[in-house]
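Report on the structure
Chain by chain, the residues:
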Amino acid sequence: PGMGNQTAGQSEKVGHSSGETGKTPSALDSLFKSAPPVGEPVYLHVYAFPSDSNKYLSFAEKIGLGAYHSGIECYGVEVAFDGGFDDECGIYQQKPKSIPKGVEWEYKETVLLGYTKKTQEEWKQLLKDLQPLWPRNVYHVLTNNCNHFTNTVANALLSEGIPSWVNRLATLGATAARFRAGGIPTQEELMNMDILAPDLPTTPSDLTPWMDYYLTQILNEDIFHPAKFVLFDKKPNFYFSSHKGQEVFLYIVFSRFADVSSVIIEGVEKKSTQSPQKVCFFANSPEFRNLGLVNEETPDFEYVCSSHEKQTINLDKAKFSNLTTLGIHFKQNFANSGETYVSRCEVIGIPKGEI
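So, here is what we can say about the structure in this document. (Residues numbered from 1 in each chain as written. Predicted model: local features only at pLDDT ≥ 70, side-chain atom pairs only at ≥ 80, totals over all residues. Heavy atoms only, no water.)

Comments concerning helix α4 (residues 146-158)
Note that an α-helix has 3.6 residues per turn; residues three or four places apart therefore point the same way. With 13 residues, α4 should reach 18 Å at 1.5 Å per residue; the first-to-last C-alpha distance of 18 Å fits that figure. Among all positions in α4, only Cys146, Asn147, His148, Phe149, Thr150, Val153, Ala154, Leu157 and Leu158 are buried. Buried residues belonging to α4 abut β2 (40-48), β3 (68-74), β4 (77-81), β5 (91-94), β6 (106-116) and α3 (120-130). If you check the start of α4, you find a side-chain oxygen 2.8 Å away from the backbone N of asparagine 147, and it comes from asparagine 145. One or two steps after α4, the chain reaches serine 159, where phi turns positive at roughly 60°. (Helix = DSSP H or I, 4+ residues; strand = E, 2+ residues; numbered from the N terminus. Expected span 1.5 Å × (residues − 1). Buried < 20%, exposed > 50% of the residue type's maximum accessible area, 1.4 Å probe, protein only. Contact = heavy atoms within 4.5 Å. Polar contact = N/O pair within 3.5 Å; in protein donor to acceptor, adjacent residues only side chain to side chain.)

A short note on the environment of arginine 256
In this fold, arginine 256 is placed in strand β11 (residues 248-266). Sequence-wise, arginine 256 and aspartate 212 are 44 residues apart; in three dimensions their C-alpha atoms are separated by 8.9 Å. Here lysine 352 takes part through its backbone oxygen, which lies 2.6 Å from a polar atom of the side chain of arginine 256.

Some thoughts on the environment of phenylalanine 334
Along the polypeptide, phenylalanine 334 turns up in the loop between β15 (323-333) and β16 (341-342). Look at phenylalanine 334 and you get partly exposed, because its relative accessible area is 29%. With 58 residues separating them in the primary sequence, phenylalanine 334 and proline 276 have C-alpha atoms 6.5 Å apart. Sequence-distant contacts of phenylalanine 334, defined by excluding residues within four places in its chain, comprise Ser272, Thr273, Ser275, Pro276, Gln277, Cys305, Ser306, Ser307 and His308.

Details of the nonpolar core
With 26 residues, the main nonpolar core has Phe254, Val260, Val263, Leu326 and Ile328 as its most contacted residues. Ranked by the residues each element gives to this core, the list is headed by β11, at 8 residues. Residues within four places of leucine 326 in sequence aside, it is in contact with Leu250, Tyr251, Ile252, Phe254, Val260, Val263, Phe282, Phe320 and Val347. (Core = buried A, V, L, I, M, F, W, Y, C linked by side-chain atoms within 4.5 Å.)

Topic: the packing of aromatic side chains
What describes a pair of aromatic rings is the distance from one ring centre to the other and the angle between the planes of the rings. One pass over the full model with this rule turns up 10 aromatic pairs. Look at phenylalanine 81 and tyrosine 139: their rings are 5.9 Å apart centre to centre, the planes differ by 35°, and that puts the pair in the tilted class. You can see phenylalanine 81 sitting in strand β4 and its partner tyrosine 139 sitting in the loop between α3 and α4, a full 58 residues away along the chain. Judged by its relative accessible area of 1%, phenylalanine 81 falls in the buried class. Overall, the relative accessible area of 32% leaves tyrosine 139 in the partly exposed class. (Phe/Tyr/Trp six-rings, centres within 6.5 Å; stacked < 30°, edge-to-face > 60°.)

Overview of the pattern of salt bridges
Under the definition given, this model contains 4 salt bridges. As a salt-bridge pair, glutamate 121 and lysine 124 come within 3.9 Å of each other at their nearest N and O atoms. Here glutamate 121 and its partner lysine 124 are both found in helix α3, 3 residues apart, which amounts to about one turn of the helix. Residue classification places glutamate 121 among the exposed positions, given a relative accessible area of 54%. (Salt bridge = Lys/Arg side-chain N within 4 Å of Asp/Glu carboxyl O.)

Some remarks on the packing of α3 against α4
Running from N to C, α3 and α4 point in directions that differ by 140°, and their axes come no closer than 12 Å. When the interaxial angle is binned, α3 and α4 end up oblique. The two elements α3 and α4 cross, and the hand of that crossing is right-handed. In this structure, α3 uses Trp123, Leu126 and Leu130 to contact α4, whose residues at the interface are Phe149, Thr152, Val153, Ala156 and Leu157. (Axes fitted to C-alpha atoms, helices over the stretch in contact; angles between N-to-C directions. Parallel < 35°, antiparallel > 145°, perpendicular 65-115°, else oblique. Left-handed = near helix turned anticlockwise from the far one by under 90°.)

These figures come from the coordinates and say nothing about function on their own.
The following block contains the structure:
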């Protein structure tokens, strides 16, 4: 794309001629010219919302919290990732620096990430290998978006990720959304909340410290309605509500194998009719991430709550052992309409060996 011999990580200056870096050559530059780079250049193309589209986004960008889309280019092909509700591959190709279809993005800048030693055939094979890992329905605006994809590709090509500012907003949002209101927890808060995993217990206990907070999520949440962690008896637990209909899909990913023995669920007293009534559980179910298939699948266990008050739901040990994931489908509330409110969802069990 005509960026001359820029060094890795340098942004292209829009309006400069090819090869211009915007710096005045020094005497040392003329005496000690660096050797030409070896390998194929890898570019990150960054897109942003138009500056006049939203005053809040414009302000956020000025303080380093811009909302960006990115694609990564190698051997003249730019690839990116887009989400949807089906399990079709979300990776697509386009002409470099093209405006993504269906979204009001505008081209912002290009960053030269470095030079890969992979051949063009290896580049093509990498994309083929990634296709089954990036279906459209695994997209999540905070934890699995287009920038997470380009970061994965950059690491595969260069053993180094994309600049942190590109996905900073989502990274901060994912962290803050997982914890109680008050923002990103300090190390002391993490210790007080037992987020930093203690020694492995030998009896059933709260499995929160052994959850992968980056991947655990409400599948049908959005950036404006994230799940939260709140404290119950000095332990962090999920607090959330649905925002489109009464169904909630909680997808829990464990950082180690876990034997889940029970789940404690509690509704909201002031919204007792909107508290969960029918709850379905799925053990190690890859289909759970596909929301369109959940209602067609037979759950491993189904429970009907008697009221909004705290319920301890005991699970079948044979079915819920050695779990890497646990899907919880809050299928119906007592009103059978409107939103569903859950004030507590605590998973109890024993963490085991590393995955």
